[in-house]
Amino acid sequence: MKKILFALTKFEPKEYKKRTIIIWNEVAPRYHKRWASTNAGPFQSTQKLVTLAGIKKGDQVLDIACGTGVVTKKISSIVGNSGKIVSFDISNKALSIAKKFNSAKKNIEFIQADAETVFLKNQFDVITCQYALFFFPNSKKALCNAKRVLKKGGILAVSVHGHNTPFFSCIIDAVMKFIPDYVPPGAPNLDRFGSQKALKVEVKNSGFLNIKAKTFVFKYSPGKFSEYWNNYLKYVAKPLKEKLDKLSAKKRDELRELVKQNVSRYTKKNQKIVFPWEVIVLTAKK
Ligand SMILES: C[S@@+](CC[C@H](N)C(=O)[O-])C[C@H]1O[C@@H](n2cnc3c(N)ncnc32)[C@H](O)[C@@H]1O
């Protein structure tokens, strides 16, 4: 299964990042409303992540690729006023939502930055990164950068989607059959940390110790097939929509039918789809 967000013709990290900003600036409001702030489906992981990270009152915490601030908010409720949080993201729109969502608290600093190149002077007790590591083309660089600002004995906590996420694969597996050049050579495979082993290897190669991982399988219902299909196209994948628009009406119908077949095993008698959603939460120490 391949979850690819970007449909570029040739992979260029700089262009990829520019597009990351454009896309996240566009999807951030809907992402926040329909996903991140709901605590539903994969976002049941937010609580798991902060619990496994062992965050305590008064801690200094860094939230990498904080998006619209849902992890930051949970962290904030634990560290209290004596703690301090630095949260950064590459998307300015996501950050503006994150600031509002966190009611402009004085002990939270929001910064627009790239995880691979951000330069921070603070030292943190805990670093979190939810559903973002796979977006970084040079994820090892981002992890090494994080390690530099983690106190000795401090905790890194990362969550990623596991391989078993049919919400994505039912559509993307079908798309790959109709648009084989959808993935440009060298583009980050968003599925690359979908097993505990792959995630652990990346974190170990970045110099972390005491690496542990847990797999959770949450449930998520996107409604009936038409809701799933329409909503997916509407707010998850604009680049995918652009490619689909180039297909003939006949091919589009065939593609829709194939997705419907892929989804059938998750469709209940009342026509509602219920997907399993595998999430891996890893913790490690410096
Ligand atoms: C799926 S969202 C996760 C946001 C947040 N952690 C959450 O759990 O809701 C992925 C985020 O990664 C950010 N992102 C992608 N590439 C990045 C990079 N190189 N540096 C910093 N943030 C990045 C995007 O802007 C987006 O907000």
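This text goes with the structure placed above it.
These lines cover the structure that appears in this document, whether it is placed above or below. If you're wondering where the values come from, they're calculated on a predicted model, not measured in any experiment. (Residues numbered from 1 in each chain as written. Predicted model: local features only at pLDDT ≥ 70, side-chain atom pairs only at ≥ 80, totals over all residues. Heavy atoms only, no water.)

### So, the sheet that holds strand β2 (residues 84–89)
The 7 strands are arranged β3-β2-β1-β4-β5-β7-β6 in an open sheet whose pairing can be described as mixed. Strands with a single pairing partner mark the edges of an open sheet, and in this sheet they are β3 (108–112) and β6 (209–224). Direction aside, neighbouring strands of the sheet carry axes that sit 15° apart on average. Pairing analysis gives 5 bridges linking β2 to β3, with the strands arranged parallel. In the strand pairing of β3, Ile-85 is matched with Ile-108. The strands touched by helix α3 (residues 70–79) within the sheet are β1 (60–64), β2, β3 and β4 (124–130), with β2 carrying the most contacts at an inclination of about 175°. The strands touched by helix α5 (residues 139–148) are β1, β4 and β5 (150–161); relative to β5, the strand with the most contacts, the crossing angle is about 145°. (Pairing = 2+ DSSP bridges. Helix = DSSP H or I, 4+ residues; strand = E, 2+ residues; numbered from the N terminus. Axes fitted to C-alpha atoms, helices over the stretch in contact; angles between N-to-C directions. Contact = heavy atoms within 4.5 Å.)

### Side note on the site of the ligand
Around the ligand sit 21 residues in total, of which Tyr-31, Ala-65, Asp-89, Ala-115 and Gln-130 are the nearest. Measuring from a nitrogen atom of the ligand, one finds a backbone N or O atom of Ile-90 at 3.3 Å. Asp-114 places a side-chain nitrogen or oxygen 3.1 Å from a nitrogen atom of the ligand. Elements supplying a minimum of two residues to the shell around the ligand: α1 (13–34) and α3. Broken down by element, the residue count for the shell around the ligand peaks at 3 residues, all from α1. For the shell around the ligand, the per-class residue count stands at 15 nonpolar, 4 polar and 2 charged. (Near = heavy atom within 4 Å. Polar contact = N/O pair within 3.5 Å; in protein donor to acceptor, adjacent residues only side chain to side chain. Nonpolar A, V, L, I, M, F, W, Y, C, P; charged D, E, K, R; others polar.)

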